Amino acid sequence: MTYTYAQFKAGPPTRIMAALGPGFLKALKSADSYMEFTETIIRLNDAPNGHFTKAARRYAEVCSPGERELLKGILLLTDFAHVADEISQGNAYTYMTPASGIFREALAACVMNA
């Protein structure tokens, strides 16, 4: 079964993007595809000099293990896999078991659409 972008933006990524900031939540909600979401996040990150990656690094320090795995997936999807690797001390994609249920589905969608 394909996890559509509509399902993605209505699911757990909403919580993650809201925690990162209202502009990032708006980017998730207003995009119509994974590609449009990625392009918007890249533009938002460039505009205020790393605003998205800085927010992701901060959130990685306080979020739950399942949220961290999905955050790493979102970073991969949005072309910031190097930040996911950084917040995981080089093991970004070797330990994904904390993500389960709808978090795992959203993580899989990130990987498949990256």
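Just above, that's the structure.
To keep things clear, this report deals only with the structure shown in the data block. Given the structure is predicted, the values throughout are model-derived calculations rather than measurements. Starting from 1, residues in each chain are numbered consecutively following that chain's sequence as written. The predicted nature of this model means local features are confined to residues of pLDDT at least 70 and side-chain atom pairs, given and counted, to a pLDDT of 80 or more, with totals for whole chains, interfaces and linings taken over all residues. Think of the side-chain values as coming from all heavy atoms in the structure, minus any hydrogens and water.

## Let's talk about the overall build of the protein chain
Helix and strand definitions follow DSSP, with helices as H or I runs of at least four residues and strands as E runs of at least two, each counted in order from the N terminus. Tallying secondary structure elements over the protein chain gives eight helices and zero strands in all. Starting at the N terminus, the α and β elements of the protein chain follow one another as α-α-α-α-α-α-α-α. Relative to its 114 residues, the protein chain shows a buried fraction of 46%. Sequence separation of at least 24 residues holds for 57% of the intrachain contacts in the protein chain that already meet a minimum separation of 6. Here the protein chain has roughly 5,900 Å² of accessible surface; of this, 56% comes from carbon and sulfur atoms. Working definition: with a 1.4 Å probe on protein chains only, accessible area under 20% of the residue-type maximum means buried, over 50% means exposed, and in between means partly exposed. What makes two residues a contact is simply this: any of their non-hydrogen atoms within 4.5 Å. Every accessible area reported is derived by Shrake-Rupley at a probe size of 1.4 Å, with residue values counting cover from the shown protein chains alone.

## Here's the deal with the side chain of glutamate 69
For glutamate 69, the location among the structural elements is in helix α6 (residues 65-77). Taking the relative accessible area as the measure of exposure, glutamate 69 reaches 5% and is therefore buried. N or O atoms within 3.5 Å of each other form a polar contact, as long as, within protein, one can give a hydrogen and the other can take it, and as long as residues adjacent in sequence are counted only when both atoms are side-chain atoms. In this structure the side chain of glutamate 69 is engaged in a polar contact, spanning 3.1 Å, whose partner is the side chain of lysine 72.

## Looking at the pattern of salt bridges
A carboxyl oxygen of Asp or Glu within 4 Å of a side-chain nitrogen of Lys or Arg is what we treat as a salt bridge. The tally for this structure, following the rule as stated, stands at three salt bridges. We note a salt bridge from glutamate 67 to arginine 15, for which the minimum N-O separation is 3.2 Å. Residue glutamate 67 is found in helix α6, and its partner arginine 15 is found in helix α2 (residues 13-20); the two are separated by 52 residues along the sequence.

## Observations regarding the packing of helix α3 (residues 22-30) against helix α4 (residues 34-46)
Axis definition: a line fit to C-alpha positions, over the contact stretch in the case of helices; interaxial angles, taken between N-to-C directions, run 0 to 180 degrees. Orientation of α3 relative to α4, taken along the N-to-C sense of each, is 155 degrees, at an axis distance of 9 Å. Looking at the two axes, α3 sits roughly antiparallel to α4. Considering only the axes of α3 and α4, their crossing is right-handed. Residue-level contacts link Gly23, Phe24, Ala27, Leu28 and Ser30 of α3 to Glu36, Phe37, Thr40, Ile41 and Leu44 of α4. Among the residues making up the contact of α3 with α4, the classes are represented as six nonpolar, three polar and one charged. Comment on the angle field: the value is read as roughly parallel under 35 degrees, roughly antiparallel over 145, roughly perpendicular from 65 to 115, and oblique elsewhere. Note on convention: the crossing is left-handed when the near helix lies turned anticlockwise from the far helix by less than a right angle, right-handed when the turn is clockwise. Residue polarity follows a fixed list, in which Ala, Val, Leu, Ile, Met, Phe, Trp, Tyr, Cys and Pro are nonpolar, Asp, Glu, Lys and Arg are charged, and the others, Gly among them, are polar.

## As for α3
The set of residues buried in α3 consists of Phe24, Ala27 and Leu28. What you see down the axis of α3 is that its buried residues fit within an arc of 95 degrees, all on one side. Turned more than 90 degrees away from the buried face of α3 sit Pro22 and Lys26, all of them exposed. Here the buried face of α3 lies against α1 (5-10), α2, α4 and α5 (51-60). Picture the helix axis, draw a direction to every C-beta atom, and the arc is the one those directions span.

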